[in-house]
Amino acid sequence: MTPMRWLYTVFWLFIGIVLLLQFHSYNNGLDKAQVAAGPRQQHFYFYPSHQTTSPVAPKKDNDDVQQVGTSVDMNTPSPGNFTYHVILRNKGTMKAVNVQVLVYPYRGSTMGNIDRGGAVQPIDDSNPLSQTSQSVTFPDLAPGESATRDAVFLSTPGYNPGENPQPQITFQIEKP
């Protein structure tokens, strides 16, 4: 072999060794970063949960805010969405302040459509869709007063919104 071919061979051998060392150090850096980051994420999509917490005063027997009705307007405010209306009433004897309700639009709902020849089946509470929720804030409610507030959700084909059974209502009693 001529000296020039030796030089080419040594040059490419040097380049190969440098690349192998670079790959090795890069992989070690990735391994250290993964160990520092903790366990790998197993799920790639989580249903939104807009839960807010507020301090809750202990309720007395005569202080009660109840959900008295719900209704749904499909394809509002835009196609692919629905507006969920919640009606609350203060059935207690004192003014309720900081009233919030956690709305689960798919709890107590069904999938399927009888009009299209399908069977209607209830959705299980462990279904991720039934865990979709949004917190809605209401104005202060005097005794006997009611109010309606709206929440907007994405509609899911084949699933009908439910009536939010067992609503989670939090409120405080205004001190006289």
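## A closer look at the sheet that holds strand 2 (residues 65–74)
Spatially, three strands are ordered 2-3-8 in an open sheet, and the strand pairing comes out antiparallel. At either end of the open sheet lies a strand with only one pairing partner, and these are strand 2 and strand 8 (146–154). Strand-to-strand twist across the sheet, computed as the mean angle between neighbouring axes with direction ignored, equals 20 degrees.

## Considerations on the confidence of the model for the protein
For the protein, per-residue confidence averages 82 on the pLDDT scale, and residues scoring 70 or more make up 80% of the total. For the stretch residues 52–57, pLDDT sits under 50, and the model shows 10 contacts to residues farther than four places along the chain or on other chains.

## A word on the nonpolar core
Most often, soluble globular proteins have nonpolar side chains that are buried together. Counting 20 residues, the largest nonpolar core has Val-65, Leu-88, Val-99, Val-101 and Phe-138 as the members making the most contacts within it. Among the secondary structure elements, those contributing two or more residues to this core are strand 3 (81–90), strand 4 (96–103), strand 7 (133–138), strand 8 and strand 10 (168–173). The contact partners of Leu-88, leaving out residues within four places of it in the chain, are Val-65, Gln-66, Gln-67, Val-68, Val-99, Val-101, Phe-138, Leu-141, Glu-145, Ser-146, Ala-147 and Ile-169.

## Observations regarding a nonpolar patch on the surface
A surface patch of nonpolar side chains, amounting to about 600 Å² of accessible area, comprises Met-4, Leu-7, Tyr-8, Phe-11 and Trp-12. Within the fold, Leu-7 resides in helix 1 (residues 3–37). Owing to a relative accessible area of 52%, Leu-7 belongs among the exposed residues under this scheme.

## Comments concerning the side chain of Asn-164
Structurally, Asn-164 can be placed in the loop between strand 9 (159–160) and strand 10. In terms of polar contacts, Asn-164 uses its side chain to reach the side chain of Gln-67, at 3.0 Å. A distance of 3.1 Å separates a polar side-chain atom of Asn-164 from the backbone nitrogen of Tyr-104. If near-sequence neighbours (up to four positions away) are discounted, Asn-164 is found in contact with Gln-67, Thr-70, Tyr-84, Val-101, Leu-102, Val-103, Tyr-104 and Arg-107.

## Quick notes on the side chain of Gln-67
Relative to the helices and strands, Gln-67 is located in strand 2. Engagement of the side chain of Gln-67 in a polar contact is seen with the backbone oxygen of Glu-163, the distance being 3.3 Å. When sequence neighbours within four positions are dropped, the list of residues in contact with Gln-67 reads Val-86, Ile-87, Leu-88, Glu-163, Asn-164, Pro-167 and Ile-169.

Rules and cut-offs
- Residues numbered from 1 in each chain as written.
- Predicted model: local features only at pLDDT ≥ 70, side-chain atom pairs only at ≥ 80, totals over all residues.
- Heavy atoms only, no water.
- Pairing = 2+ DSSP bridges.
- Helix = DSSP H or I, 4+ residues; strand = E, 2+ residues; numbered from the N terminus.
- Axes fitted to C-alpha atoms, helices over the stretch in contact; angles between N-to-C directions.
- pLDDT = per-residue confidence, 0-100.
- Contact = heavy atoms within 4.5 Å.
- Core = buried A, V, L, I, M, F, W, Y, C linked by side-chain atoms within 4.5 Å.
- Buried < 20%, exposed > 50% of the residue type's maximum accessible area, 1.4 Å probe, protein only.
- Patch = residues over 30% accessible without salt bridge, like charges linked within 9 Å, V, L, I, M, F, W, Y side chains within 5 Å.
- Areas by Shrake-Rupley, 256 points an atom, 1.4 Å probe, with all protein chains shown as cover.
- Salt bridge = Lys/Arg side-chain N within 4 Å of Asp/Glu carboxyl O.
- Polar contact = N/O pair within 3.5 Å; in protein donor to acceptor, adjacent residues only side chain to side chain.

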